[in-house]
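Next come the chains, spelled out residue by residue.
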Amino acid sequence: METKFENLELKSELLTNLKELKYETMTPIQAQGLPFVLDGRDVIGRAKTGSGKTAAFALGILNSLDTGSQNIHSLVLCPTRELADQVATETRKLARMLKNVKVMTICGGTSEYHQEKSLSHGAHIIVGTPGRVLRLLKKKTLNLSLVNTFVLDEADRMLDMGFHDDIMHIATYLPKVRQTLLFSATYPEDIQKLGEKVQKDAEHVKVDTDHEENTISQMFFELQSHKDKNDAVLKILDKYRPDRFIIFCKTKIITDQVAAFLNKNGIYAGSIHGDLMQNERTVVMTMFANRSLSALVATDVAARGLDIQGLAAVINYDLPSDPEVYVHRVGRTGRAGETGLAFSLYVEQEHGKLDAIEDYSNKNIKIEDISAIEVDSQYDLIPEMKTMYISGGKKDKLRPGDILGALVNEAKLESADVGDINIMNVLSYVAIKEDKIEQAISKLRNGRIKNRRFRVGHA
Ligand code: AMP
């Protein structure tokens, strides 16, 4: 199988950029899928987030895109806003050397008015969630009648979230003759049916994920009672010391309780679940992604579509009944050749769930003894970064360079002390090295950013 990008019929700007990005060889989904994608064929790709699937479709889109045209060339539908943001970021990264490519996200939870205004200035690639995309189509502020490529990303998650009818409705706004690419981690019957409805003569590409799973060390701990779980988590963290991890819980109430327990014990944790307002969720997600929180405590629904890179561990505080959910959760660690850790807590009555996981994964499960772990009271888990908010954002025309400039020039930080800068509509969040946050806040309180004063403080 061809694994070098150079041997594909890609635009020279794309090839040069791939070299700069140090994408030296194609990942399996790219090696198998890209030749069909570039050929204009419909493809069903069975691969999960982390496999390089975004580039497998985005390179196809960018290769066939005519930047001289003002029409929307492609639509990518994603289950969540977070995934849409990630896909848009990766696509922009791949498009860096092509002039004037406009990638826009159309998702719920942000201003519809701004999206419509931005759309009126033209866009080439739309990455969005089904609900909002359909809304703008119905309002006729989004026109997809000349779309060339339609992508369904994490299609299985979209169906789980009840987006089937929205997707079918959106398809009626697209040209009948088009390329349709469908990516899904799993391939249940409803995905096959969806493919039959929206695709023509699709080529199937399946990535063998075995070697990925082998890099994850999976440990199961049997507890006397559910009440022992909090202490078990502390013991596990103490012994294995993962620096960043997700804890999966069954219910929203449990996520809040576990996060509160961890914070009480000196571990910086945030929880996400369906009851949070979009802005509360954004703060927690931003702080976890920028390394100001060590732990993200989540329900499966809330964690859908998240692609946080470099997770050291996943903890199953509650074991799921469906083994496929277990495999999906555990797949969030050990990415890109790194070793990951997956810990699962369960009580005796849940043995059936273990058997199901064992059957599904075709591997023997090893059970570890929690009482054998000794606790070291010296253990400290302080995240590398802290988050500062600034009371200004896109509406104030703030850009990352303005904030970095103020931190370096006014607050006298080194640029290496500054991490992710996230600019929202009316607020920005900046990750600052833990030992420099006070300096940054006190100096910027009295200083200026882009010649203006803003409120700043701890997020
Ligand atoms: P994805 O599955 O699309 O979310 O991609 C996972 C990560 O792999 C992204 O951070 C990409 O930047 C990276 N990536 C994708 N393709 C390649 C490649 N061929 N070589 C190296 N990194 C890649």
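Values in this document were obtained by computation on a predicted structure and should not be read as measured data.

## Regarding the packing of aromatic side chains
In this description, a pair of aromatic rings is defined by centroid distance and the angle of the planes.
Then step 1. Summed over the entire model, instances satisfying the criterion amount to four aromatic pairs.
Then step 2. Centroid distance Phe221 to Phe343: 6.4 Å. Interplanar angle 35°. Geometry classified as tilted. One end of the pair, Phe221, is in strand β8 (residues 216–223); the other, Phe343, is in strand β13 (residues 340–347), and 122 residues separate them in sequence.
Then step 3. Here Tyr240 and Phe343 contribute two aromatic rings whose centre-to-centre distance is 5.0 Å and whose plane-to-plane angle is 45°, an arrangement assigned as tilted. In this pair, Tyr240 sits in helix α11 (residues 229–240) while Phe343 sits in strand β13, placing the two residues 103 residues apart along the sequence.

## So, the sheet that holds strand β16 (residues 418–423)
Then step 1. Taken together, four strands build an open sheet; the order of strands is β16-β17-β15-β18 and the sheet is antiparallel. Among the strands making up the open sheet, the edge pair consists of β16 and β18 (456–458). If you compare each strand with its neighbour and ignore which way they point, the axes differ by 25° on average.
Then step 2. When strand β15 (residues 385–390) meets β18, the two strands line up antiparallel, connected through three bridges. Pairing of Met388 across the sheet is with His458, part of β18.

## Re the pattern of salt bridges
Then step 1. Here the structure, examined in full by the defined rule, presents 20 salt bridges.
Then step 2. Taking the shortest distance from any N to any O, the salt bridge between Glu112 and Arg135 comes out at 2.8 Å. Here the residue Glu112 occupies a position in helix α5 (residues 112–120), and Arg135 occupies one in helix α6 (residues 130–138), the gap between them amounting to 23 residues.
Then step 3. Residue Lys252 is joined to Asp275 by a salt bridge in which the shortest nitrogen-to-oxygen separation is 3.2 Å. Taken together, the residues span a long stretch of sequence, with Lys252 in helix α12 (residues 252–264) and Asp275 in the loop between β10 (269–272) and α13 (278–289) at a distance of 23 residues.
Then step 4. We classify Asp275 as exposed; its relative accessible area is 55%.

## Regarding helix α9 (residues 189–198)
Then step 1. Buried within α9 we find Ile191, Leu194, Gly195 and Val198. Around the axis of α9, the buried residues are gathered within 100° of arc, so they sit on the same side. Facing away from the buried surface of α9 by more than 90 degrees, the exposed residues are Glu189 and Glu196.
Then step 2. On the buried face of α9, the contacting elements are β1 (43–46), β5 (149–152), α7 (155–160), α8 (164–171) and β6 (179–184).

Procedures and definitions
- Residues numbered from 1 in each chain as written.
- Predicted model: local features only at pLDDT ≥ 70, side-chain atom pairs only at ≥ 80, totals over all residues.
- Heavy atoms only, no water.
- Phe/Tyr/Trp six-rings, centres within 6.5 Å; stacked < 30°, edge-to-face > 60°.
- Helix = DSSP H or I, 4+ residues; strand = E, 2+ residues; numbered from the N terminus.
- Pairing = 2+ DSSP bridges.
- Axes fitted to C-alpha atoms, helices over the stretch in contact; angles between N-to-C directions.
- Salt bridge = Lys/Arg side-chain N within 4 Å of Asp/Glu carboxyl O.
- Buried < 20%, exposed > 50% of the residue type's maximum accessible area, 1.4 Å probe, protein only.
- Arc of directions from axis to C-beta.
- Contact = heavy atoms within 4.5 Å.

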